[in-house]
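For reference, the chains in residue letters:
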Amino acid sequence: MKRLAVLISGNGSNLQALIDAVESRQLDAEIAVVVANRADAYGLARAERAGIPTTVVDLRTVITDGGDRGDYDRRLAGVVAAHVPDLVVLAGWMLILGSVFLARFQDRVINIHPALPGAFPGVDAIRRAHAAFGAGNVGETGVMVHYVAPEVDAGPVIVSESVPIQPDDTLDALEARIHDVEHRLIVDAVRRVL
Ligand code: GRF
C-alpha cells in the first residue's frame, strides 16, 4: 500500500476528499500522517476523526527556539520522513518549502493550487481571478495539481481543469465551484502519480 503524507494549514477540505477516497477504496493508498503548520488547522480534527496520526510543526515555535527557516524545513522533513511516505501532498499548505525540504523528497512533493498553470500564483488566487474577471482581463480560472519546484505554485503540471467565471458569480459562488473541482482533481492527481 502506497503511503501519503498530507500537509495542511487550514480547513482541510482537500484532505477530506483524500480521506473519503481512501475510505471508499477509490484511492488505493494509506494516509500515513497529516502535518499542520498551525495547531488551529481544522483539518487536524478531520484526520483525528479518521484515525490518522497528526503532528503540528509550528514555525513560530522553531523561531522561538532560536531556529530559522532552514531549521524549520529540516524539522518538518524529519517528521514527514519518519512516516516513510511515497508521496507528500500539499493540500492547502500555506508555507513555501525550501530546497532543504524538497531535496529530501525529490520528485515526490505535489501541490494543489486554485488557478490555471501560470496564472495567479501565491495567496488569494480565487479572489484575484474574480477581480480580474470583473476588470475584463480573464474569462476563466481553474485548478491545477503540480509537482513542487522551488518557485511558488509552479512546476510540472499533473492535472489541470479550467473553471469558467459567470458574469453574475459572487466570490463565494466561484470559490464553491473551484473547491468542488479541487476535491475531484486532488484525488485524480494522487491516483495518477501513484
Ligand atoms: C485550497 O483552495 C487550496 O488550493 C489552497 O488553499 C485552499 C485550502 O483549502 N492552496 P482546504 O484547507 O483544503 O479546505
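What this report covers is the structure whose coordinates are included nearby. (Residues numbered from 1 in each chain as written. Predicted model: local features only at pLDDT ≥ 70, side-chain atom pairs only at ≥ 80, totals over all residues. Heavy atoms only, no water.)

1. Remarks on the pattern of salt bridges
- Under the criterion given, the structure shown has 10 salt bridges.
- Across the pair Arg69 and Asp73 runs a salt bridge whose closest N-O atoms are separated by 2.8 Å. Taken together, the residues Arg69 and Asp73, both in helix H4 (residues 69-81) and four residues apart, mark about one turn of the helix.
- For Asp73, a relative accessible area of 3% corresponds to the buried category. (Salt bridge = Lys/Arg side-chain N within 4 Å of Asp/Glu carboxyl O. Helix = DSSP H or I, 4+ residues; strand = E, 2+ residues; numbered from the N terminus. Buried < 20%, exposed > 50% of the residue type's maximum accessible area, 1.4 Å probe, protein only.)

2. Looking at helix H1 (residues 13-23)
- Burial of H1 is extensive: eight of the 11 residues sit out of reach of the surface.
- Against strand E1 (2-8), strand E2 (29-36), helix H2 (43-49), strand E4 (87-90), strand E5 (109-113) and helix H7 (171-193) lie the buried residues of H1.
- Looking one or two residues past H1, Arg25 carries a phi angle of roughly 65°, positive in sign. (Contact = heavy atoms within 4.5 Å.)

3. Focus: the packing of aromatic side chains
- For the structure shown, the criterion picks out one aromatic pair.
- Where Phe101 meets Phe105, the ring centres are 4.9 Å apart and the plane angle is 40°; that geometry is what we call tilted. Of the two residues examined, Phe101 and Phe105, each falls in the buried class. (Phe/Tyr/Trp six-rings, centres within 6.5 Å; stacked < 30°, edge-to-face > 60°.)

4. Topic: the environment of Asp68
- Tracing the backbone shows Asp68 in the loop between helix H3 (59-64) and H4.
- Leave out the neighbours within four places in its chain, and Asp68 touches Val62 and Ile63.
- A distance of 2.9 Å separates the side chain of Asp68 from the backbone nitrogen of Asp71, its partner in a polar contact. (Polar contact = N/O pair within 3.5 Å; in protein donor to acceptor, adjacent residues only side chain to side chain.)

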